[in-house]
Amino acid sequence: MFAAACGSGGGVATGASSPASSSSSGVTELQVTGQAGAKPTVAFPSKVVETSSYKVLTPGTTGEAAKLGASVIANFTVFTWDGKENKIAGSTYDEGGPQVITLNEQVPEILRKGFAETKGGGRFMSVVAKDALPAEQQAQAPAGQSQVFVVDVVGVPQDKAAKGTAVDPGVEGVKVENPGGDTAPKLTTKTKKKAPEKLVTETVIKGTGPEVKSGQSILVQYAGKIWGSDVEFDSSWSRGAQPIMFQIGTGKVIKGWDQGLVGVPVGSRVLLSIPPDLGYGKAGSGDKIKGTDTLVFLVDVLGAY
């Protein structure tokens, strides 16, 4: 949702995108009410400001601010400032939980500046106008409107992998190698052993954090393979080791994840063997997963929010 709300989803901001937070232009015309950590309300003037700017409303006190290349956990609400309806384009407060955002070059610079000055518990807002888009995309941007982001920073995760003493999960036919540090573990599912008929949840590394609760959004790294073939059908590790976030225990993911990850301590590495009825069912998924396949996941639970 964050990428979609950014419009083009990329580009380095130009022109008016470099003001300091204390000398912003468009954001001074806006009035934000509500505390950080709750869905905000914004009062808009009728005249739209079509230059980008940002302002830190509450700097926050938890942890460190996010740097370029980091992942940051944040709630955000986006408005389309057109001087008329000024509708909400989207809000994580309506989606059920925060999202993880990777602060790469695809995030407009004017937003990266706000993240760079805001720690966990803080809030900033930003006017993202067409001058925040690459030059070749500015001509396609709608005239007479800007996007307004109100961003509540939850925190900046420090680990990319579960840390601690690893043990053999004890599932015959499955092998897990744990190199330690932030290095990706290796999951092997090449076997002639019959797959378990029921859900199997085994701890490889036991975390020391609080237990995951149903309804929370969890931050994870994972690898998924098909039992017996060792075919990898999905992996966050293979996509640059960028963790993903989703709500757990509420039907947003397959049943095997909802049932297997609720109650797991944060910081854990867990092996899941998921039978078809708790996976994608008889229909399977895509070209790789058939309706009869048992799925094996190795999941690092890095946070719960």
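Residues numbered from 1 in each chain as written. Predicted model: local features only at pLDDT ≥ 70, side-chain atom pairs only at ≥ 80, totals over all residues. Heavy atoms only, no water.

Let's talk about the overall build of the chain
To keep things clear, this is the line we draw: Only runs of H or I of at least four residues qualify as helices and only runs of E of at least two qualify as strands under DSSP, and these elements are numbered from the N terminus. We call two residues in contact when some of their heavy atoms are within 4.5 Å. For the area figures, the Shrake-Rupley method with a 1.4 Å probe applies, and any residue is considered shielded solely by the protein chains shown. Counted charges follow a simple rule, with Lys and Arg positive, Asp and Glu negative, and His plus the chain ends left uncounted. Here the site of a charge means atom NZ of a Lys, CZ of an Arg, CG of an Asp or CD of a Glu.
On a plain count of helices and strands, the chain comes out with 5 helices and 16 strands. In terms of overall dimensions, the chain has a C-alpha envelope of 70 × 40 × 30 Å along the principal axes. When contacts within the chain are restricted to residue pairs at least 6 apart in sequence, long-range pairs at least 24 apart make up 76% of them. Surface summary for the chain: the accessible area is close to 14100 Å², and the carbon and sulfur share equals 49%. Treating the 30 positive side-chain charges of the chain as one cloud and the 29 negative ones as another, the clouds have centres 3 Å apart.

Examining helix H3 (residues 109-116)
Rules: Accessibility here uses a 1.4 Å probe with only protein chains present; expressed as a share of the type maximum, an area under 20% marks a residue as buried, one over 50% as exposed, and anything in between as partly exposed.
Most of H3 sits out of view: 6 of its 8 residues are buried. Buried within H3 are the following residues: Glu109, Ile110, Leu111, Arg112, Gly114 and Phe115. Turning to H3, the residues buried within the fold contact helix H1 (2-5), strand E3 (53-58), strand E4 (71-81), strand E6 (99-102), strand E7 (123-128) and strand E8 (146-155).

Examining the environment of Ala66
Assignment of secondary structure puts Ala66 in the loop between E3 and E4. In this structure Ala66 touches Val72, Leu103, Phe115, Ala116 and Val156, once residues within four positions along its chain are discounted.

Some remarks on the pattern of salt bridges
Our working rule: By definition, a salt bridge exists where a carboxyl oxygen of Asp or Glu is found within 4 Å of a side-chain nitrogen of Lys or Arg.
Counting across every chain of the model gives 12 salt bridges. Between Asp159 and Lys163 there is a salt bridge whose closest N-O contact spans 3.3 Å. On the accessibility criterion, Asp159 (41% relative accessible area) is partly exposed. When the shortest N-O distance is used, the salt bridge between Glu177 and Lys175 registers 3.8 Å. The exposure class of Glu177 is partly exposed, given its relative accessible area of 34%. Three or more residues are tied together by salt bridges with common partners; here these are Asp159, Lys163 and Asp182.

Points about the environment of Ile226
Residue placement: Ile226 occurs in strand E12 (residues 217-226). A sequence separation of 64 residues divides Ile226 from Lys290, and the C-alpha atoms of the two residues are 9.4 Å apart. Ignoring sequence-local partners within four residues, the contact set of Ile226 consists of Thr189, Val231, Phe233, Lys288, Ile289, Asp293, Thr294 and Leu295.

Any link to function would need more than the numbers given here.
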